[in-house]
Protein chains: 4
Amino acid sequence: MAGSDFGTIFKITTWGESHGSALGVVIDGCPAGLALCRQDIQVYLDRRRPGRSKIATPRREADEAEILSGVFEGLTTGTPISIMVRNTSQISRDYGEIASCYRPGHADYTFDAKYGFRDYRGGGRSSGRETIGRVAAGAIAAKILKSMHIDVCAYTCSLGPVRIDPERFDREAITDTATSMPDREADARALAYLESCMKEQDSAGGIMECRVTGLPAGIGDPVFEKLDACLAKAIMSIGAVKAVEIGDGILVSQRRGSENNDPFITRDGIPCKKTNHAGGILGGISDGSDILIRAHVKPTPSIFRPQETVNQEGNPVTLQIRGRHDPVIIPRAVVVMEAMTAITVLDAMMVNMSAKMSSLTNFYNRPRA
Amino acid sequence: MAGSDFGTIFKITTWGESHGSALGVVIDGCPAGLALCRQDIQVYLDRRRPGRSKIATPRREADEAEILSGVFEGLTTGTPISIMVRNTSQISRDYGEIASCYRPGHADYTFDAKYGFRDYRGGGRSSGRETIGRVAAGAIAAKILKSMHIDVCAYTCSLGPVRIDPERFDREAITDTATSMPDREADARALAYLESCMKEQDSAGGIMECRVTGLPAGIGDPVFEKLDACLAKAIMSIGAVKAVEIGDGILVSQRRGSENNDPFITRDGIPCKKTNHAGGILGGISDGSDILIRAHVKPTPSIFRPQETVNQEGNPVTLQIRGRHDPVIIPRAVVVMEAMTAITVLDAMMVNMSAKMSSLTNFYNRPRA
Amino acid sequence: MAGSDFGTIFKITTWGESHGSALGVVIDGCPAGLALCRQDIQVYLDRRRPGRSKIATPRREADEAEILSGVFEGLTTGTPISIMVRNTSQISRDYGEIASCYRPGHADYTFDAKYGFRDYRGGGRSSGRETIGRVAAGAIAAKILKSMHIDVCAYTCSLGPVRIDPERFDREAITDTATSMPDREADARALAYLESCMKEQDSAGGIMECRVTGLPAGIGDPVFEKLDACLAKAIMSIGAVKAVEIGDGILVSQRRGSENNDPFITRDGIPCKKTNHAGGILGGISDGSDILIRAHVKPTPSIFRPQETVNQEGNPVTLQIRGRHDPVIIPRAVVVMEAMTAITVLDAMMVNMSAKMSSLTNFYNRPRA
Amino acid sequence: MAGSDFGTIFKITTWGESHGSALGVVIDGCPAGLALCRQDIQVYLDRRRPGRSKIATPRREADEAEILSGVFEGLTTGTPISIMVRNTSQISRDYGEIASCYRPGHADYTFDAKYGFRDYRGGGRSSGRETIGRVAAGAIAAKILKSMHIDVCAYTCSLGPVRIDPERFDREAITDTATSMPDREADARALAYLESCMKEQDSAGGIMECRVTGLPAGIGDPVFEKLDACLAKAIMSIGAVKAVEIGDGILVSQRRGSENNDPFITRDGIPCKKTNHAGGILGGISDGSDILIRAHVKPTPSIFRPQETVNQEGNPVTLQIRGRHDPVIIPRAVVVMEAMTAITVLDAMMVNMSAKMSSLTNFYNRPRA
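K.L.:
I'd like to hear about the interface of chain C and chain A, residue by residue, with values.
P.N.:
In this assembly, 36 residues from chain C lie in contact with 35 residues from chain A. Around 3000 Å² of area is buried between chain C and chain A when both sides are counted, 65% of it from carbon and sulfur atoms. Taken as a group, Met353, Tyr364 and Arg366 of chain C account for 23% of the area that chain C buries against chain A, more than any other trio of residues on that side. Our enumeration of links across chain C and chain A arrives at zero salt bridges. Our count for the contact surface shared by chain C and chain A stands at eight residue pairs in polar contact (both at pLDDT 80 or more). Counting residues per element, the side of chain C that touches chain A draws most heavily on helix H10 (residues 357–363) of chain C, at five residues. Looking at the side of chain C that touches chain A residue by residue, the classes come out as 23 nonpolar, nine polar and four charged.

K.L.:
Go over the sheet that holds strand E16 (residues 291–297) of chain D with me, naming the residues and quoting the values.
P.N.:
The strand order E9(C)-E8(C)-E10(C)-E16(C)-E11(C)-E11(D)-E16(D)-E10(D)-E8(D)-E9(D) describes an open sheet built from ten strands, whose pairing is antiparallel. Every interior strand has two partners, whereas the edge strands, strand E9 (162–163) of chain C together with strand E9 (162–163) of chain D, have only one. Sheet topology places strand E11 (residues 241–246) of chain C next to strand E16 (residues 291–297) of chain C; five bridges connect them, and they run antiparallel. Looking at the pairing, Ala243 of chain C lines up with His296 of chain C of E16 of chain C. Against the sheet, helix H7 (residues 227–236) of chain D contacts E11 of chain C together with strand E11 (241–246) and E16 of chain D, and its axis sits at roughly 155° relative to E11 of chain D.

K.L.:
Summarise the relation of the copies chain B and chain A; cite the residues concerned and give the values.
P.N.:
The transform that puts chain B on chain A rotates by 180° and translates by 0.0 Å along the axis, for an RMSD of 0.0 Å. Each copy turns onto its partner about a two-fold axis. Closest approach to the rotation axis among the C-alpha atoms of chain B is made by Lys233 of chain B, whose C-alpha sits 2.4 Å away. The overlap is high: 100% of the interface residues of chain B also sit at the interface in chain A, so the same surface is used on both sides.

K.L.:
Lay out the side chain of Arg255 of chain A with the relevant residues and their values.
P.N.:
Residues and elements named next belong to chain A. Tracing the chain through its elements places Arg255 in the loop between strand E11 (241–246) and helix H8 (257–260). Residue Arg255 is classed as buried on the basis of its relative accessible area, which comes to 15%. Polar side-chain contacts of Arg255 include one of 2.7 Å to the side chain of Asn260.

K.L.:
Describe the packing of aromatic side chains, listing the residues and the values that go with them.
P.N.:
Counted under the stated rule, the structure contains 32 aromatic pairs over all chains. A centroid spacing of 5.4 Å and a plane angle of 45° characterise the contact between Phe6 of chain A and Phe224 of chain B, whose relative ring orientation is tilted. Here the residue Phe6 of chain A occupies a position in strand E1 (residues 5–6), and Phe224 of chain B occupies one in the loop between strand E10 (206–213) and helix H7 (227–236), the pair thus bridging two chains. Assessed through its relative accessible area of 9%, Phe6 of chain A is described here as buried. Ring geometry for Phe363 of chain B and Tyr364 of chain B: centres 4.9 Å apart, planes at 75°, overall edge-to-face. By relative accessible area, which is 26% here, Phe363 of chain B ends up partly exposed. Of the aromatic side chains, those joined through ring pairs into one cluster are Tyr102 and Tyr109 of chain A together with Phe264 of chain B. Taking the ring centre of Tyr115 of chain B as reference, the NZ or CZ of Lys114 of chain B above it sits at 5.9 Å.

K.L.:
Could you give an account of the pattern of salt bridges, naming the residues involved and the relevant values?
P.N.:
Under the definition given, this model contains 112 salt bridges over all chains. With a closest N to O distance of 2.9 Å, Lys233 of chain C and Glu225 of chain D form a salt bridge. Linking Lys233 of chain C in helix H7 (residues 227–236) with Glu225 of chain D in the loop between strand E10 (206–213) and H7, this pair reaches from one chain into another. Here Lys233 of chain C and Glu225 of chain D have matching classes, each one buried. Each of Asp165, Arg168, Asp183, Glu185 and Arg189 of chain A takes part in a single network of salt bridges with overlapping partners.

K.L.:
Can you break down unusual backbone geometry residue by residue, with the values?
P.N.:
For residues that are not glycine, phi is negative in most cases, and the peptide bond is trans in most cases. That bond from Pro222 of chain B to Val223 of chain B is cis: its omega, 0°, falls within 30 degrees of zero. Mapped onto the elements, Val223 of chain B comes out in the loop between E10 and H7. Residues other than glycine seldom take positive phi values, yet Ala240 of chain A does so here, at roughly 85°. The topology assignment puts Ala240 of chain A in the loop between helix H7 (227–236) and E11. Phi is positive for His149 of chain C, close to 65°, though the residue is something other than glycine.

K.L.:
Go over the pairing of E16 of chain D, please, and point to the residues and values.
P.N.:
Residue and element names in this part refer to chain D. The element E16 is extensively covered by neighbouring structure, given that seven of its seven residues are classed as buried. Where burial is concerned, the two faces of E16 agree: the one with Ile291, Ile293, Ala295 and Val297 and the one with Leu292, Arg294 and His296 are both buried. Alignment of E10 against E16, held across seven bridges, turns out to be antiparallel. Residue Met208 lies in a different strand from E16, and its bridge partner there is Ala295.

K.L.:
Lay out the sheet that holds strand E8 (residues 151–159) of chain A in plain terms, naming residues and giving numbers.
P.N.:
Either a parallel or an antiparallel arrangement is found when strands of a sheet pair, and the pairing is made through backbone hydrogen bonds. With respect to topology, ten strands assemble into an open sheet ordered E9(A)-E8(A)-E10(A)-E16(A)-E11(A)-E11(B)-E16(B)-E10(B)-E8(B)-E9(B), the strand pairing being antiparallel. Every other strand in the sheet has two partners, leaving strand E9 (162–163) of chain A together with strand E9 (162–163) of chain B as the edge strands with one partner each. This element, helix H9 (residues 330–351) of chain A, spans E8, strand E10 (206–213) and strand E16 (291–297) of chain A of the sheet and lies at about 145° to E8 of chain A.

K.L.:
Please provide a residue-by-residue account of the interface of chain B and chain A, values included.
P.N.:
Chain B puts 104 residues into the contact, and the matching count from chain A is 104 residues. Counting the surface lost from both chain B and chain A, the interface buries some 8300 Å², and carbon and sulfur atoms represent 59% of this. For the interface between chain B and chain A, the tally reads six salt bridges. Viewed at the interface, chain A and chain B are joined by 45 residue pairs in polar contact (both at pLDDT 80 or more). Tallied by class, residues from the side of chain B that touches chain A come to 48 nonpolar, 33 polar and 23 charged. Both E11 of chain A and strand E11 (residues 241–246) of chain B contribute to a ladder of three bridges, which runs antiparallel. Bridge assignment links Val244 of chain A to a residue of E11 of chain B, and that residue is Val244 of chain B.

What counts and what doesn't
Residues numbered from 1 in each chain as written. Chains lettered and ligands numbered in written order. Predicted model: local features only at pLDDT ≥ 70, side-chain atom pairs only at ≥ 80, totals over all residues. Heavy atoms only, no water. Contact = heavy atoms within 4.5 Å. Buried area = accessible area lost by both parts, 1.4 Å probe. Salt bridge = Lys/Arg side-chain N within 4 Å of Asp/Glu carboxyl O. Polar contact = N/O pair within 3.5 Å; in protein donor to acceptor, adjacent residues only side chain to side chain. Helix = DSSP H or I, 4+ residues; strand = E, 2+ residues; numbered from the N terminus. Nonpolar A, V, L, I, M, F, W, Y, C, P; charged D, E, K, R; others polar. Pairing = 2+ DSSP bridges. Axes fitted to C-alpha atoms, helices over the stretch in contact; angles between N-to-C directions. Least-squares fit on C-alpha atoms with pLDDT ≥ 70 in both. Buried < 20%, exposed > 50% of the residue type's maximum accessible area, 1.4 Å probe, protein only. Phe/Tyr/Trp six-rings, centres within 6.5 Å; stacked < 30°, edge-to-face > 60°. Lys NZ or Arg CZ within 6 Å of the ring centre and 35° of its normal.

The quantities given are spatial measurements derived from coordinates; they are silent on function.
Below, the structure is given as structure tokens:
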């Protein structure tokens with residue numbers, strides 16, 4: 001069925017395969033009057049672009065965004081914004097082995113089971129390149145949020161055993177380092193770890209986090225469109241994510257109520273929480289504190305050591321993966337998490353606009369009868 | 001906005017507040033011809049009914065389901081099934097304190113921020129009683145799945161520091177024990193722990209798990225309606241859940257690819273995985289192995305020791321919660337997790353029916369031109 | 001599939017059969033803070049209630065609405081509003097003939113074809129009683145619109161050959177007359193016509209119209225959620241409607257552009273149209289003029305003269321319909337048209353709130369960065 | 001809001017403006033395994049392509065479709081199919097007048113009212129070129145339906161006063177004639193009429209019809225996703241359509257029940273209707289007879305004679321439209337009607353697949369427990 005769209009009012013539809021002619025996204029429901037140019041998109045795409053460091057796949061893609069519609073004289077018009085990125089670096093080669101056998105940890109078998117066959121070139125639709133459309137759309141959502149002084153920031157939290165030290169948090173490092181870590185010291189250690197993984201023809205997993213600051217209280221819709229539920233779906237839909245936490249997440253299951261409750265205090269006359277174990281969401285609605293989301297990402301399934309598996313005929317084979325693969329997914333997935341979070345939060349803000357009668361009647365400037 | 005419905009083809013809409021006159025659900029898109037009676041629903045509702053043990057709120061509710069539509073001569077007709085449960089035990093009392101102050105860990109403040117005011121009686125819509133509609137709908141989904149030999153089973157995995165031993169897994173214990181643990185020995189220890197919490201006027205968190213067996217490969221729709229993404233939303237939408245894991249979940253972030261990949265083998269001529277770190281989902285599509293989901297649940301925010309907070313005017317107050325509250329949420333939330341999982345999986349199976357051209361043309365019995 | 005919900009932000013889900021225990025609706029996404037009581041709903045339900053005149057079915061139903069949730073201390077809370085009407089006048093009798101044969105003009109055969117069997121009592125879900133939920137929801141939508149000085153008014157335009165004279169338009173007559181005509185003189189002639197139909201054991205069709213005044217320009221979303229497209233769906237979904245017109249409707253196909261174009265002029269400094277052939281909608285968006293919709297309704301298929309048809313075994317039978325049936329549907333369908341129009345227009349207003357960047361940033365009171 | 005997508009399982013999202021760089025569509029939910037090539041799309045696009053006759057705009061567009069994703073080795077893969085058509089004939093010129101004034105009958109004013117400004121080049125998103133995406137998607141839907149022996153055929157029924165004679169119905173003439181009339185004799189008379197309109201700097205309206213043959217009974221979902229309701233929305237969403245009829249449509253309002261009811265008979269052992277006043281739909285569900293839909297289309301609002309209107313400042317101006325415009329919309333809109341009908345019917349067939357328990361259990365080949 002149609003599973004490639006996300007959102008209610010700010011809705012995105014992504015399309016494209018790893019080795020097809022192009023990938024892209026249609027963003028529908030973007031408000032009119034936003035200043036938008038190709039470069040706004042490109043900055044985000046460059047953050048997920050391959051070939052930037054030795055721990056990323058050497059596949060070289062320009063990943064140049066083209067805005068095909070929805071922008072006129074530098075402003076969004078309120079109509080669908082179509083963005084396309086041409087694939088340019090599809091290496092023509094023999095996919096024989098991948099075409100006929102099931103790579104462990106990949107979606108080869110499940111696509112065959114569902115659709116009867118698959119586009120096996122580079123993973124087809126299940127490739128990480130699918131996220132190009134998400135990131136392009138996220139660039140727009142983030143720009144809108146930023147104009148309302150709402151900031152969305154994702155970063156690498158850990159790679160294998162190497163964890164960042166929050167005390168050393170350095171935002172610029174996120175885009176500077178190869179690991180997308182906000183801690184240059186941890187970055188150095190993580191790189192050393194990843195090199196050892198590569199030497200052993202192996203790959204690593206890790207944790208990424210995303211923080212939303214400046215979001216007003218009141219966003220999110222009980223009971224199924226809760227902000228945390230929507231974020232969980234958004235983040236779990238990113239390939240390789242196997243767990244999602246909100247706020248203190250997994251720690252809460254070991255706590256007592258007296259430890260975990262965040263007392264309310266008042267700041268500038270507005271109720272707020274003294275601590276933020278909840279991660280900025282109570283009852284599925286934002287509470288004015290920072291939103292904090294954490295995602296656990298599995299190690300890249302494409303490893304270069306020989307693996308046992310079966311082919312389409314069900315016969316055992318030894319698989320030797322070749323080609324270009326990241327030893328770790330996170331550094332390039334961080335911007336995808338940021339994009340999905342921005343899209344989710346913005347959409348929730350839009351659908352929230354009619355939550356009160358007074359909002360509706362004031363908006364239409366019609367004092368209630 | 002409308003946030004109270006869930007699902008695409010098998011769609012549920014829940015309604016009702018803790019202390020309103022009734023709660024319920026409309027199930028739309030249920031196939032015609034399912035044998036269904038009140039008792040099918042009641043069995044599930046009884047699993048979440050309060051007042052069954054000393055670790056559950058002493059509020060006594062019969063929680064009797066009434067089927068108002070969609071069933072004729074014992075069979076579903078394909079039209080909406082409306083199910084209602086009357087509230088009978090709303091204790092009439094002074095809500096003054098709760099009405100005017102913000103309980104830590106509750107949604108009092110966020111509902112006020114969103115809607116301008118709230119039904120403060122017993123938590124209103126943010127009460128755990130909201131899940132009655134989910135469970136009633138889940139009973140139907142589970143019955144349909146069972147008729148296709150697909151089993152959904154949720155249980156308590158841990159309460160505070162007490163964890164079940166998978167070696168002692170005893171399915172009957174889930175519904176027998178007060179903790180919903182499938183391990184009677186762990187149940188006894190958990191009860192002792194909970195009593196100590198209660199004595200200290202405190203509460204406990206825990207972990208619950210859900211396993212789906214018998215699900216065919218091919219269910220779930222890339223890239224936003226992935227089965228794991230839909231499950232994450234479904235489970236995170238349950239009040240008090242703060243983290244969701246699929247398969248090995250948080251463990252994968254520390255693993256190497258060579259440890260985490262599940263090799264494919266062949267069983268009865270069908271490809272399957274030798275291990276199941278992935279939890280039965282690859283690329284967002286079921287792979288034929290068991291689906292495994294884990295949820296981390298925070299301790300009940302309603303604790304009886306005095307707490308610091310503020311009231312609606314922003315003034316600090318000391319809150320002394322009274323009334324009837326579970327010291328731990330999980331034992332009664334387990335059936336909610338089971339319900340949400342069953343609904344999610346069934347809906348994904350329905351939307352999958354037109355994934356292949358051959359499925360469509362065979363269904364309409366019209367050999368392709 | 002789930003076909004019983006309508007709307008995006010203001011969403012309704014109806015349920016119930018003609019002879020089941022109850023019928024109802026869940027309204028989700030209603031803004032918080034609307035004063036609402038049972039009587040607001042009842043006034044509308046009474047307009048579609050049977051048994052009020054000799055041209056309506058003598059079935060007596062109190063059709064008393066019960067509000068089960070979503071209202072607290074006289075105000076909507078923003079959570080789902082569940083409304084139920086108990087059936088009280090189901091006559092217990094032998095449905096043998098209707099159960100086994102296919103009534104011409106009814107949905108008996110198509111329900112059997114789709115679902116394998118049907119609730120044959122009084123038409124089941126395909127009965128006109130299904131509209132109770134729509135009308136209850138429409139009462140709320142209309143009240144919200146009225147608070148913004150937007151008026152929705154539907155009425156009977158013609159019954160068989162008898163047409164109202166717009167010069168004699170008398171709004172009170174709509175609710176006073178048995179025909180729901182806004183013209184007492186036409187009402188008298190229509191009643192005479194209907195009596196002649198009844199004498200001949202026959203039934204009549206007719207036309208109903210709905211006018212929306214006070215709607216601001218800018219409502220409706222190109223290209224598939226155009227206001228006229230949404231209204232067409234809303235009105236065509238009412239049983240027995242076979243054609244929907246917007247503005248001058250069918251007349252435009254015979255016109256020339258120079259006749260049909262509405263010139264723009266300025267009134268109170270605001271552009272508006274000199275004429276309104278367009279019926280208040282241009283490019284799918286409201287233009288500030290009155291919205292005008294017209295629906296053509298077929299004659300009641302239940303007639304008392306013997307009819308030829310076949311039974312479930314495919315054998316020819318002569319059908320003699322008994323029971324209680326309106327000789328014309330329109331007088332009671334008028335309020336359904338009004339309800340569906342109000343729901344459609346309100347929902348379109350809600351989703352329009354984020355159409356401009358300035359709307360979004362002003363709403364959240366955050367001057368753009 | 002997001003208004004550019006249509007459908008539930010077979011979902012399309014269109015994008016693009018008249019004078020932007022490209023237009024297109026994403027088709028999501030297309031079953032895997034359909035043979036599909038560029039030419040399948042092109043044949044349909046050529047039917048709406050301008051510049052083919054003297055009664056169509058002389059704008060020359062190749063309208064060449066490019067399939068960007070979702071097809072592998074000649075077969076659809078089940079993933080989103082992205083189709084793009086580059087604009088090549090945007091004449092660069094002074095839009096000054098159109099940019100600042102409101103053309104009667106156009107959406108200039110309403111887009112300004114909604115979005116604050118508009119892309120005024122050639123009508124922007126409200127241009128007829130928007131339908132390119134619909135037609136490309138419709139080509140796929142029609143191919144799928146054809147493979148199940150279901151035929152969708154739209155044609156011009158009347159242009160101004162000239163009507164086709166059903167006795168002379170000649171299917172090939174639809175694509176052969178400049179008017180898309182299935183009657184060459186009427187085509188000749190219609191052309192003469194249109195020339196007289198053009199001479200008088202005026203335009204004409206007309207009626208188009210669409211017939212679906214071979215659709216099985218049981219398609220369509222009560223009560224809001226009725227097949228006729230979905231078709232009404234689909235067709236009314238086409239620019240310039242002002243009325244939609246099903247079956248005998250507007251005629252039914254003048255009929256008696258005894259005239260309008262279609263008696264059931266049996267053909268090949270299957271119940272069917274002796275007549276088809278209903279247009280193949282009863283209770284919102286297909287009944288096995290031909291589906292018949294009729295649309296009334298207004299005359300092209302762009303006429304070359306001077307018109308009175310106002311500009312954005314609200315001052316009266318005399319407008320002299322220049323450029324390239326069809327004197328009548330219908331001949332090129334016929335394929336759009338065919339496309340929207342095919343998409344609607346196919347989607348309804350897909351969502352119908354789980355209507356019965358036996359369908360579900362048989363599909364998953366799991367005999368019911």
